[in-house]
Amino acid sequence: MDRIDRKILNLLQQDASRTNVALADEVGLSPSSCLRRVRRLHRTGIIDRIVAILKPGKTDRRLKALVTVELELHGEHHMRRFLDRAVREEAVVHAYAVTGEVDVFLILRLRDMEEFDTLCDKLFRDQNNVARFNTMMVIRTAKEDTAIQV
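Residues numbered from 1 in each chain as written. Predicted model: local features only at pLDDT ≥ 70, side-chain atom pairs only at ≥ 80, totals over all residues. Heavy atoms only, no water.

Undergrad: Where do I start with the overall build of the protein chain in this structure?
TA: Check the secondary structure of the protein chain and you find five helices and four strands. Order of helices (α) and strands (β) in the protein chain, N terminus to C terminus: α-α-α-β-α-β-β-α-β. Here the protein chain has a C-alpha radius of gyration of 20 Å; the compact-globule value for 150 residues is 15 Å, and the former is much larger. Taking the principal axes of its C-alpha atoms as reference, the protein chain extends roughly 60 × 35 × 25 Å. At a minimum sequence separation of 6, the contacts of the protein chain that also span at least 24 residues come to 62%. As presented, the protein chain carries roughly 10300 Å² of accessible surface, and 51% of it is formed by carbon and sulfur atoms. A gap of 8 Å separates the mean positions of the 26 positive and 23 negative side-chain charges of the protein chain. (Helix = DSSP H or I, 4+ residues; strand = E, 2+ residues; numbered from the N terminus. Rg over C-alpha atoms; globule rule 2.2 N^0.38 Å. Contact = heavy atoms within 4.5 Å. Areas by Shrake-Rupley, 256 points an atom, 1.4 Å probe, with all protein chains shown as cover. Lys, Arg positive; Asp, Glu negative; His and termini not counted. Charge placed at Lys NZ, Arg CZ, Asp CG, Glu CD.)

Have a look at this one:
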């Protein structure tokens, strides 16, 4: 990956809807050369996917919750079982196995507290190997960026 690839990646992370012609112009390449590079970045897996990022306040999922989870039983099998269950839930937008005092960190996008209560029953209460969970509701977002500078 060279300087031009990094510039392409940074520009696409800012706005992936720009045309290939506009992107090529910004990085100083012909459109065909730029398109070949973008396709290679996709093919090699550096670009995972291209998505639209929504404004949560304009959707019906305005509440954001951060949840730490301590599992009762440890080991890969128990971790995998819990994570498999969590990622199937629509409200779970991020699910991480982590190091430290907790085992799992979840980020949720919720419609309301009723949805959260239902999710708690499904994930944290009904014999799902959860010893404890702690929830923090986000009241203000100072920064939320998806870009990884390269």
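That shown, we press on.
Undergrad: Quick question: what am I supposed to make of the packing of helix α2 (residues 20-27) against helix α3 (residues 31-43) here?
TA: Helix-helix packing: each pair is described by the crossing angle between the helix axes and the interaxial distance. The contact between α2 and α3 brings their axes to 8 Å, and the two run at 100 degrees. In terms of orientation, α2 lies roughly perpendicular with respect to α3. Within the contact between the two elements, α2 uses Asn20, Val21, Leu23, Ala24 and Val27 and α3 uses Pro31, Cys34, Leu35 and Val38. Of the residues contributing to the contact of α2 with α3, the split by class is eight nonpolar, one polar and no charged. (Axes fitted to C-alpha atoms, helices over the stretch in contact; angles between N-to-C directions. Parallel < 35°, antiparallel > 145°, perpendicular 65-115°, else oblique. Nonpolar A, V, L, I, M, F, W, Y, C, P; charged D, E, K, R; others polar.)

Undergrad: I tried to follow α3 on my own but got confused; where do I start?
TA: Residue pairs three or four apart in sequence face the same way in an α-helix, which turns once every 3.6 residues. Here α3 spans 18 Å end to end across 13 residues, near enough to the 18 Å set by a 1.5 Å rise per residue. Within α3, burial applies to Cys34, Arg37, Val38 and Leu41. The arc enclosing the buried residues of α3, seen along the axis, measures out at 95 degrees, which places them on a common side. Every exposed residue of α3 that faces more than 90 degrees away from the buried side is listed here: Arg36, Arg39 and Arg43. On its buried side, α3 packs onto α1 (3-14) and α2. Count one or two residues on from α3 and you reach Gly45, which has phi positive near 90 degrees. (Expected span 1.5 Å × (residues − 1). Buried < 20%, exposed > 50% of the residue type's maximum accessible area, 1.4 Å probe, protein only. Arc of directions from axis to C-beta.)

Undergrad: Where do I start with the packing of aromatic side chains in this structure?
TA: The geometry of an aromatic ring pair comes down to the distance between the two centres and the angle between the two planes. Evaluation of the coordinates by the stated rule reveals three aromatic pairs. With a centroid separation of 6.5 Å and an interplanar angle of 25 degrees, the aromatic rings of Phe82 and Phe124 are classed as stacked. In this pair, Phe82 is assigned in helix α4 (residues 76-87) and Phe124 in helix α5 (residues 113-125), connecting sequence segments 42 residues apart. The two residues Phe82 and Phe124 agree in class, both being buried. Among the aromatic residues, those joined into a cluster by ring pairs are Phe82, Phe124 and Phe133. (Phe/Tyr/Trp six-rings, centres within 6.5 Å; stacked < 30°, edge-to-face > 60°.)

By themselves, these observations are geometric and do not establish any function.
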